[in-house]
Amino acid sequence: MAHWQKLLISALFLMFMLVFGYRQTLAPEIYTGSGLDLAELNRHVSVIAEKPHPIGSAANREVRDYIVAYFDSLGLRTELQKTTVVYRHPTRPPRATIIGFVENIIAYLPGRQGPGSDTADDLVVMGHYDSRPLTPGAGDDASATASIMEAARIMADGPAPVHDVIFLITDGEEMGLLGAQGFFRQHPAAQSVGLVLNFEARGSYGVASMFETSANNAWLIEGLIDSTPDLVASSLSYEIYRNMPNDTDMSISKGEGIPGLNFAFVAGLFDYHAMTDNPENLDVNTLAHQANNVLATAQHFANLETWEGAKGDLTYFNLWQGTLVSYSEGLAVALGLLVLVLGVWLFTTALRAGTVTPGSSGTGLLGVLIIFLVLYSLFDNLIVYLRQADAGITRLTSLGEWPLLAFFIFALGLIAWSGHRLERGLGKLHIIVPAAVLALVTFLAGHTSLSAFIPPLLLIPLIWLIRSRASRPDLWTAAICTWGLLTAAVLYFAPHASYLFIWPLASVLFGIVIQRNLLGISKGNARYLTLLTSAFIPLLMLTPVVILAYLALGLGLPQALMIFCTLSLLLIWPLVRGFGSAARGKAGLLIMIAGLAMMTVIVFARNFDARHPRPEELFYAVDVDQQQGFWVSPDVRPGSWLDKFMGAGASAANKSRIMPGYEQDILILDGDLPAFDAAGLTVNSGLTGDGMREIGFHIQSPGDAEYINLLFAADASVSSAMVNGFSVPVPGSGDNSDSERDSAVAEKWWRWRMYGLPREGADITITLAADVPLPVRIVEVDYGTPAGAPARPEDSMSKPYSWSDSMVIFQTVILK
Ligand SMILES: [Zn+2]
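Worth saying up front: this structure is predicted, and the values here are computed from it rather than measured.

Caption draft 1: Up close: the sheet that holds strand 18 (residues 718–723). Across the sheet, 5 strands lie side by side as 15-16-21-18-19; this open sheet has antiparallel pairing. With partners counted over all chains shown, the strands left at the sheet margins are strand 15 (680–689) and strand 19 (726–728), one partner each. Looking at each pair of strands side by side, their axes are set apart by 20 degrees on average, direction ignored. In this sheet, strand 16 (residues 692–700) lies alongside strand 15 in antiparallel orientation, the contact comprising 9 bridges. Directly across from Leu-681, in strand 16, lies its bridge partner Ile-699.

Caption draft 2: Representation of the coordination of the zinc ion in the model. Within the protein, the zinc ion binds to His-128 (NE2), Asp-140 (OD), Glu-200 (OE) and Glu-200 (OE); these donor distances fall in the range 2.0 to 2.5 Å. Coordination geometry of the zinc ion: the 4 donor atoms subtend angles of 53 to 142 degrees at the metal centre, consistent with an arrangement described as irregular. Considered as a linear motif, the donors of the zinc ion on their single chain read H-x11-D-x59-E. Of this pair, His-128 sits in strand 3 (residues 122–128) while Glu-200 sits in strand 5 (residues 193–201), placing them 72 residues apart in sequence. Residue classification places His-128 among the buried residues on the basis of a relative accessible area of 1%. Judged by relative accessible area, Glu-200 falls into the buried class, the value being 6%.

Caption draft 3: A look at a positive patch on the surface. A grouping of Arg-421, Arg-424, Arg-472, Arg-584 and Lys-586 is seen on the molecular surface, where their side chains present a positively charged patch. Summarising the element assignment, Arg-472 is placed in the loop between helix 15 (454–468) and helix 16 (475–493).

Caption draft 4: Structural view of the packing of helix 13 (residues 402–424) against helix 21 (residues 573–585). Packing of helix 13 against helix 21 leaves a shortest axis separation of 8 Å and a crossing angle of 75 degrees. Between helix 13 and helix 21, the crossing angle belongs to the class labelled roughly perpendicular. Of the residues in helix 21, those touching helix 13 at Leu-412, Ile-415, Ala-416, Trp-417, Gly-419, His-420 and Glu-423 are Trp-573, Val-576, Arg-577, Phe-579, Gly-580, Ser-581 and Gly-585. Of the residues in the contact of helix 13 with helix 21, the class split is 7 nonpolar, 5 polar and 2 charged.

Caption draft 5: How the structure looks around the packing of aromatic side chains. Across all of its chains, the model carries 25 aromatic pairs by this definition. Judged by centre distance (6.4 Å) and plane angle (75 degrees), the ring pair of Phe-630 and Phe-810 falls under edge-to-face. One end of the pair, Phe-630, is in strand 12 (residues 628–633); the other, Phe-810, is in strand 24 (residues 806–815), with 180 residues separating them in the sequence. Just as Phe-630 is buried, Phe-810 falls in that class too. Look at Trp-750 and Trp-752: their rings are 6.3 Å apart centre to centre, the planes differ by 70 degrees, and that puts the pair in the edge-to-face class. For Trp-752, a relative accessible area of 0% gives the class buried. Here the aromatic residues Phe-379, Phe-407, Phe-410 and Tyr-550 are joined through ring pairs into a cluster of three or more.

Caption draft 6: Spotlight on a nonpolar patch on the surface. There is a patch of nonpolar side chains on the surface, built from Trp-4, Leu-8, Leu-12 and Met-15 and spanning about 470 Å² of accessible area. One can find Leu-8 in helix 1 (residues 3–24).

Caption draft 7: Spatial organisation of helix 10 (residues 329–353). Here helix 10 is 25 residues long and its end C-alpha atoms lie 36 Å apart, about the 36 Å a rise of 1.5 Å per residue gives. Listed in full, the buried residues belonging to helix 10 are Ala-332, Gly-336, Val-339, Leu-342, Leu-346 and Ala-350. One or two steps after helix 10, the chain reaches Gly-354, where phi turns positive at roughly 85 degrees.

Caption draft 8: Expanded view of the pairing of strand 11 (residues 619–623). With 5 of 5 residues buried, strand 11 is to be regarded as a mostly interior element. Burial of the side chains of strand 11 extends over both faces: Phe-619, Ala-621 and Asp-623 are buried on one face and Tyr-620 and Val-622 on the other. Relative to strand 12, strand 11 runs antiparallel, the two being bridged by 5 bridges. Residue Val-622 lies in a different strand from strand 12, and its bridge partner there is Gly-629. Linking strand 11 back to strand 12 in an antiparallel pair, the connection comprises 4 residues, with Gln-627 at a positive phi of about 55 degrees. Pairing between strand 11 and strand 24: 4 bridges, direction parallel. Considered in strand 24, the bridge of Asp-623 is made with Phe-810.

Caption draft 9: Representation of the environment of Pro-229. Within the secondary structure, Pro-229 is located in the loop between helix 6 (218–227) and helix 7 (235–242). Distance in space between the C-alpha atoms of Pro-229 and Gln-321 is 8.8 Å, their sequence separation being 92 residues.

Caption draft 10: Broad picture of the packing of helix 13 against helix 20 (residues 558–571). Orientation of helix 13 relative to helix 20, taken along the N-to-C sense of each, is 50 degrees, at an axis distance of 10 Å. When the interaxial angle is binned, helix 13 and helix 20 end up oblique. Of the two possible hands of crossing, helix 13 and helix 20 adopt the one that is right-handed. Residue-level contacts link Phe-407, Phe-408, Ala-411, Leu-412 and Ile-415 of helix 13 to Met-562, Cys-565, Thr-566, Leu-569 and Leu-570 of helix 20.

Caption draft 11: Geometry of the pattern of salt bridges. Within this structure, the stated rule accounts for 16 salt bridges. For Lys-51, the salt bridge is made with Glu-62, and the minimal N-O distance between the two is 3.5 Å. Separated by 11 residues along the polypeptide, Lys-51 in the loop between helix 2 (38–48) and helix 3 (58–73) and Glu-62 in helix 3 bring together distant segments of the chain. With relative accessibility at 47%, the residue Glu-62 sits in the partly exposed group. Here Arg-614 and Asp-390 are joined by a salt bridge, their closest N and O atoms 2.9 Å apart. Of this pair, Arg-614 sits in strand 10 (residues 614–616) while Asp-390 sits in the loop between helix 11 (358–388) and helix 12 (392–397), and the two are 224 residues apart along the sequence. Through salt bridges with shared partners, one network takes in Arg-64, Asp-65 and Glu-103.

Caption draft 12: Spatial organisation of unusual backbone geometry. The residue after Asp-140, namely Asp-141, is reached through a cis peptide bond having omega 10 degrees. As for its position among the elements, Asp-141 is in helix 4 (residues 138–157). With a phi close to 55 degrees, Leu-177 is a non-glycine residue in the positive phi region. Following the sequence through the fold, Leu-177 ends up in the loop between strand 4 (165–170) and helix 5 (178–186). Not every positive phi belongs to a glycine, and Asp-771 is a case in point at roughly 70 degrees. Assignment of secondary structure puts Asp-771 in the loop between strand 21 (762–769) and strand 22 (774–783). On the accessibility criterion, Asp-771 (75% relative accessible area) is exposed.

Caption draft 13: Here's a closer look at the pairing of strand 20 (residues 749–755). Counting buried positions along strand 20 yields 6 of 7 residues, so the element is predominantly enclosed. Pairing of strand 2 (residues 97–109) with strand 20 involves 4 bridges; the strand directions are parallel. Counterpart to Thr-97 in the pairing with strand 20 is Trp-752. Relative to strand 20, strand 17 (residues 707–713) runs antiparallel, the two being bridged by 7 bridges. The residue bridging Asn-709 from the neighbouring strand is Arg-753, located in strand 20.

Caption draft 14: Spotlight on the side chain of Asp-271. Looking at the secondary structure, you find Asp-271 in the loop between strand 7 (260–265) and helix 9 (284–302). Apart from the residues lying within four places of it in its own chain, the contact partners of Asp-271 are Ser-204, Thr-276, Asp-277 and Arg-611.

Caption draft 15: Region of the structure containing the environment of Val-603. The residue Val-603 is located in helix 22 (residues 587–604) in this model. Judged by relative accessible area, which is 13%, Val-603 ranks as buried. Considering only alpha carbons, one finds Val-603 and Trp-464, 139 residues apart in sequence, at a separation of 34 Å. In this structure Val-603 touches Leu-382, Tyr-385, Leu-386 and Leu-396, once residues within four positions along its chain are discounted.

Here is what the cut-offs are and how they apply
Residues numbered from 1 in each chain as written. Predicted model: local features only at pLDDT ≥ 70, side-chain atom pairs only at ≥ 80, totals over all residues. Heavy atoms only, no water. Pairing = 2+ DSSP bridges. Helix = DSSP H or I, 4+ residues; strand = E, 2+ residues; numbered from the N terminus. Axes fitted to C-alpha atoms, helices over the stretch in contact; angles between N-to-C directions. Donors = N, O, S within 2.8 Å, 3.2 Å for Na, K, Ca; no water. Tetrahedral: all angles 85-135°; square planar, octahedral: opposite > 155°, others 65-115°. Buried < 20%, exposed > 50% of the residue type's maximum accessible area, 1.4 Å probe, protein only. Patch = residues over 30% accessible without salt bridge, like charges linked within 9 Å, V, L, I, M, F, W, Y side chains within 5 Å. Areas by Shrake-Rupley, 256 points an atom, 1.4 Å probe, with all protein chains shown as cover. Salt bridge = Lys/Arg side-chain N within 4 Å of Asp/Glu carboxyl O. Lys, Arg positive; Asp, Glu negative; His and termini not counted. Charge placed at Lys NZ, Arg CZ, Asp CG, Glu CD. Parallel < 35°, antiparallel > 145°, perpendicular 65-115°, else oblique. Contact = heavy atoms within 4.5 Å. Nonpolar A, V, L, I, M, F, W, Y, C, P; charged D, E, K, R; others polar. Phe/Tyr/Trp six-rings, centres within 6.5 Å; stacked < 30°, edge-to-face > 60°. Expected span 1.5 Å × (residues − 1). Left-handed = near helix turned anticlockwise from the far one by under 90°.

Below, the structure written as structure tokens:
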């Protein structure tokens, strides 16, 4: 084969593997035969996600009634659990205590084992029905609620399952897993729960994968393999979530020691918690995939006679959709050691044969380090630039996985070109030019930290060191050694993630064995075909992982992801080198320039549109004490519709004027004081004794605000607090009491965030020193476009996680 023929085959092979890997991240085509009614699923989603329905909103109550009526119509005993939940995150420092007034929907499907058995053998199938305030929540989490409703219909229609099944649709998940806490910590039925299946979403398309399990998951994984078609799961994510709080309802049940499986889809991060997470944008295949996960797993585990047969954890991963490989931890470790031994043996025989020398491996490592430094620095600068650029990150996120393709093409070209150059030997110019380019890019990106200039500075001695050595760098050996070290580290720290390193390494090493021992060290077509074949497993396994990691992290960690990409490409270096050496060393450069051009287009030439609108915040604030009303926006750009609306009369202010502690620059524009209904506090009792007094009062929000902040003056020495009979920690009473009290005093206030306050209100009791007045600040956020708001253009939407499109009413009340 001629050089260009090999190059063409390599390019086609690489393209095929990328497309195949990408296909693995998409939901499979809709199935038939499982009994799922797609029309019903769509109907449920379109009703639930018609508009935002956060906890405490009128829309939330409508959705609640719809779901309850549906379960009733299936003949299931259905219960509404109304309770108060006081929540502080177990690990994060609490800036505020969250108080939720939740209404969980619980539907019971009795099993054959009947009630009364002492063992925890009930199955919970869980999703949440609330959305965040500024999203219809079609994916998150109407997709799961609809799927559970549909599974309940099919299961209620069939023979009674072995286990009791509880369909649990929680409330207030978005505001701190509130409903799940209400159920698993307060409801008597939680005592008999033995397994939880939870269904979530943080996007609008892609595979619905099983991403988190409890410990001792062998029986769960075996059950999944037995029951679920087109299963997507990996113990890599199990290792990630074992050490990382991920905040879904399953965190609560898992914390209570209940085994569980957690499913979610993550592609389409732009739509996550945004107004665009609507029924039209939810991928129908993804919805069907999630529904199928619900039905298959619920039916399987509800009918599995004995739970927890096999002990221990499994290593598991997809070769492709529907084909899950699984084996024990012991086998994972044995395989890892075997591959490492093979690697060491190959390395030492190559050393003895002289095909590899310590010098070439050493300079090879320096070469790998140089490529890492350059790529890390470039992508780090890109992110720094995007963070400062107007809506840069959001804009890039709106493009889904396309930016990753541009990144990849650029990195491929850069690696092929620079790797080839490093191996052929460097001229004097090669020392200064890359460092200068990197320094210039760092400067242009607007990097303010001096440490950002370390990579360009490091380049000079590294490249000089390579030039001064006699032996040419052997990048492949160096990359394989690095990969081997990484394999050993992962094997030790996260054995169930080791498969991702073991199998690609094994494939490459076997390729080398075949070349050397069966074919002899040939340079011909047989060698090329062996290289091509041994690159199959690395590309097959790594491509979907990289794509899904990018989609899930957004632009959180592209630098780390690109380093991983680089290492993966260097693992199959002889193939990649082909691009570097072709066209007298110019092909790599051309690929790099093509990638750069794609990146430029993606970064600079993209506009928001109706499908991907720009997130912008505008709300109306009412100062009850001053009797003033004003429009507020932190997002006014010159010439924008917001700019036109705010006009010349707008003035600069700080958001802490409304909410102490919220430091943010805003623009405000005075407006007419509308008719409003501010929250009221009614004092019921004021018992005094022992130098202390207890104030009992009732809070009500006649405007039905979804979100109410209650701030208490930090210097009022409050010693205890209760809401509806539930104790609420006060600063100075918790584990990190001192620092909490300090920060509360520094901010002058400590805060409750209340979600879903019922119309009848709540009872609060505060104990504090007698004769000390208690200033209370009330900040109500009542979502819904306020009267007089300008119409948004179609390429603009409410900004997620903000007070956008609400009326914020704030006042200070002094309890004496
Ligand atoms: Zn959710």
